[in-house]
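# Chain and residue survey
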Amino acid sequence: MVKWKKKDLEIKLEHVIPFQESSARLEQYSTPASIASEILFSAYSKGDIFGCVVNDLGCGTGILSIGAKILGARVVRGYDVSPSAIKVAKENAEAFDLDIEFYERDISQVGDRADVTLMNPPFGCQLRNADRPFLDKAIDLSRSVYSIHMASTKNFLNKYVGSKGKKIISQETYKYNMPHAFTFHTRSRREIDIVVVMIR
């Protein structure tokens, strides 16, 4: 078992290639290496990475999948509806020489059970409640869930997760500098508050 430091993992994850063709409809924003490493180390410290089967829902270019595999997950599967994202995710995994399974699949078609789900789902800015199918699927298929959401939705998340018979065990808030990625963005960068929740 290789001992990793969070900063070392963050530096390694900075080499993950980001989206080449972002989709506004799918709300494709790359997860920063700093936040990805925080999520991964939190899960790792709770026994939710090493030796586990991990699902990455809405995996994008694979940063959470790659980090989980680096930290010793037994099996990692990434799912995304975007063929371009899956293509880049596979290229990233190959560049890191990691054995990760990536599938081009809508969230409704995911049925593989896992010990843990990691995910950065759509926030619901373009399509209202777009994160709900991801929450439903993650809760249904795994014992632990680590998920990124807008901090302003914390009250909703607590109620929604509770209605599914689960609890938010921990939550951490971070600043995320959202880059100018789409034509409707009027500023080069916009800082938003996000929350990472651990559900069990």
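Structure report, in brief. Here the structure is a predicted model, which is why all the values come from computation and not from measurement.

Moving on, we come to the packing of helix H5 (residues 132–141) against helix H6 (residues 154–163). Orientation of H5 relative to H6, taken along the N-to-C sense of each, is 40°, at an axis distance of 11 Å. The orientation of H5 relative to H6 falls into the category oblique. With respect to the hand of their crossing, H5 and H6 are arranged in right-handed fashion. Packed against H5, whose contacting residues are Arg-132, Leu-135 and Asp-136, the element H6 presents Phe-156, Leu-157 and Tyr-160 at the interface. Residues that form the contact of H5 with H6 fall into these classes: four nonpolar, no polar and two charged.

Let us look at H6. Every buried residue of H6 is listed here: Leu-157, Tyr-160 and Val-161. Considered in projection along H6, the buried side chains sweep an arc of 95° and stay on one side of the axis. Turned more than 90 degrees off the buried face of H6, the exposed positions are Asn-155, Lys-159 and Ser-163. Just beyond H6, the residue with positive phi is Gly-165, at close to 80°.

It is worth spelling out the packing of aromatic side chains at this point. This structure, assessed with the given rule, holds three aromatic pairs. Look at Tyr-79 and Tyr-103: their rings are 5.4 Å apart centre to centre, the planes differ by 20°, and that puts the pair in the stacked class. One end of the pair, Tyr-79, is in strand S2 (residues 75–80); the other, Tyr-103, is in strand S3 (residues 101–104), with 24 residues separating them in the sequence. For Tyr-79, a relative accessible area of 1% puts it in the buried group. The aromatic ring of Tyr-103 is capped on one face by Arg-105, whose charged end is 4.7 Å from the ring centroid.

What counts and how
- Residues numbered from 1 in each chain as written.
- Predicted model: local features only at pLDDT ≥ 70, side-chain atom pairs only at ≥ 80, totals over all residues.
- Heavy atoms only, no water.
- Axes fitted to C-alpha atoms, helices over the stretch in contact; angles between N-to-C directions.
- Helix = DSSP H or I, 4+ residues; strand = E, 2+ residues; numbered from the N terminus.
- Parallel < 35°, antiparallel > 145°, perpendicular 65-115°, else oblique.
- Left-handed = near helix turned anticlockwise from the far one by under 90°.
- Contact = heavy atoms within 4.5 Å.
- Nonpolar A, V, L, I, M, F, W, Y, C, P; charged D, E, K, R; others polar.
- Buried < 20%, exposed > 50% of the residue type's maximum accessible area, 1.4 Å probe, protein only.
- Arc of directions from axis to C-beta.
- Phe/Tyr/Trp six-rings, centres within 6.5 Å; stacked < 30°, edge-to-face > 60°.
- Lys NZ or Arg CZ within 6 Å of the ring centre and 35° of its normal.

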